[in-house]
Amino acid sequence: ERAIAGAWRALAEQRAQDAVAEAERATRLLPDDAEAWHVRCRAHIAVADWPAALESAGILRRFDPASPAALELLGRAAIEVGDRDLAHQAFTALDGLEPTLPGPRVGLALVSARLDRDPAAAIAHLEVALARDPSLELSGLLLRPHWQPLAEDAAFVQALSALLQR
């Protein structure tokens, strides 16, 4: 358990490589501990090792298939490795668990925009997210790491701008 705490501490202190080392140690020592896999996934995300993050998220999900954290991490990692079906399944399952929260629909919007290259579908998901939480801030969306690749997509930028001007 010290390795788990050390990994979380390293993440909090923005020492991502140390977090990976501690988290990998934790999963070797505690292979059946969901928290060890959770911190390992987060550590791999911190260093943008998306295949390792995807593997850890998949293992985390096996411990609790209905875990919102596992589904969100699985969806994010799947997007980054380009696994459209897995990303869509994860965020759809998350939407079923959290049908009043905007986050799952923002995740589905990201799947639509980045992997389906469908700005209209992405905007439709963002509209649902805004309906769920009218205070949801989308003006800085393209500054977020997972969304940055879309800053060069003229069709998406235009559609997002139109949504923000409503």
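Before reading on, note that the structure itself is shown above.
Quick look at the structure, then. (Residues numbered from 1 in each chain as written. Predicted model: local features only at pLDDT ≥ 70, side-chain atom pairs only at ≥ 80, totals over all residues. Heavy atoms only, no water.)

### Some thoughts on helix α8 (residues 119-132)
Now for step 1: Given a rise of 1.5 Å per residue, 14 residues ought to cover 20 Å, and the 20 Å separating the end C-alpha atoms of α8 matches this to within 8%.
Now for step 2: For α8, the full list of buried residues reads Pro119, Ala122, Ile123, His125, Leu126 and Ala129. The arc that holds every buried residue of α8, seen down its axis, measures 160°, which confines them to one face. Those residues of α8 that are exposed and angled more than 90 degrees off the buried face are Ala120 and Ala131. (Helix = DSSP H or I, 4+ residues; strand = E, 2+ residues; numbered from the N terminus. Expected span 1.5 Å × (residues − 1). Buried < 20%, exposed > 50% of the residue type's maximum accessible area, 1.4 Å probe, protein only. Arc of directions from axis to C-beta.)

### What about the pattern of salt bridges?
Oppositely charged side chains are able to pair whenever their charged atoms sit close together.
Now for step 1: Inspection of the entire model under this criterion finds 10 salt bridges.
Now for step 2: Of the charged contacts in the structure, one is a salt bridge between aspartate 95 and arginine 132, with a shortest N-O distance of 2.6 Å. Highlighted residues: aspartate 95 in helix α6 (residues 84-97) and arginine 132 in helix α8, separated in sequence by 37 residues.
Now for step 3: Classification of aspartate 95 as buried rests on a relative accessible area of 12%.
Now for step 4: Note on arginine 132: relative accessible area 24%, which makes it partly exposed.
Now for step 5: Measuring nitrogen to oxygen at the nearest pair gives 2.2 Å for the salt bridge that ties arginine 166 to glutamate 127. Of this pair, arginine 166 sits in the segment after α9 (154-164) while glutamate 127 is found in helix α8, placing the two residues 39 residues apart along the sequence.
Now for step 6: Overlapping salt bridges bring together Glu13, Arg15 and Asp18 as one network. (Salt bridge = Lys/Arg side-chain N within 4 Å of Asp/Glu carboxyl O.)

### A word on the nonpolar core
Buried together is how nonpolar side chains tend to be arranged in soluble globular proteins.
Now for step 1: Membership of the largest hydrophobic core comes to 39 residues, with the highest contact counts inside it found for Ile123, Leu126, Trp147, Leu150, Phe156 and Leu160.
Now for step 2: Looking at this core, the elements that each hand over two or more residues are α3 (34-46), α4 (50-63), α5 (68-81), α6, α7 (103-115), α8 and α9.
Now for step 3: With 7 residues, the top contributor of residues to this core is α5.
Now for step 4: Apart from the residues within four sequence positions on either side, leucine 126 is in contact with Val106, Ala109, Leu138, Leu141, Leu160 and Leu163. (Core = buried A, V, L, I, M, F, W, Y, C linked by side-chain atoms within 4.5 Å. Contact = heavy atoms within 4.5 Å.)

### Considerations on the packing of α3 against α5
Now for step 1: Packing of α3 against α5 leaves a shortest axis separation of 11 Å and a crossing angle of 30°. Compared by their axis directions, α3 and α5 come out roughly parallel. For the pair α3 and α5, the crossing hand works out as left-handed. Touching His38, Cys41, Arg42 and Ile45 of α3 are Ala69, Glu72, Leu73 and Arg76, all from α5. (Axes fitted to C-alpha atoms, helices over the stretch in contact; angles between N-to-C directions. Parallel < 35°, antiparallel > 145°, perpendicular 65-115°, else oblique. Left-handed = near helix turned anticlockwise from the far one by under 90°.)

### Quick word on the packing of helix α2 (residues 16-29) against α3
Now for step 1: Taken N-terminus to C-terminus, the directions of α2 and α3 make an angle of 150°; their axes are 8 Å apart at the nearest point. By the criterion of interaxial angle, the relationship of α2 to α3 is roughly antiparallel. Where α2 crosses over α3, the handedness of that crossing is left-handed. Of the residues in α3, those in contact with Ala16, Ala19, Val20, Ala23, Glu24, Ala26 and Thr27 of α2 are Ala36, Trp37, Val39, Arg40, Ala43, His44 and Ala46.

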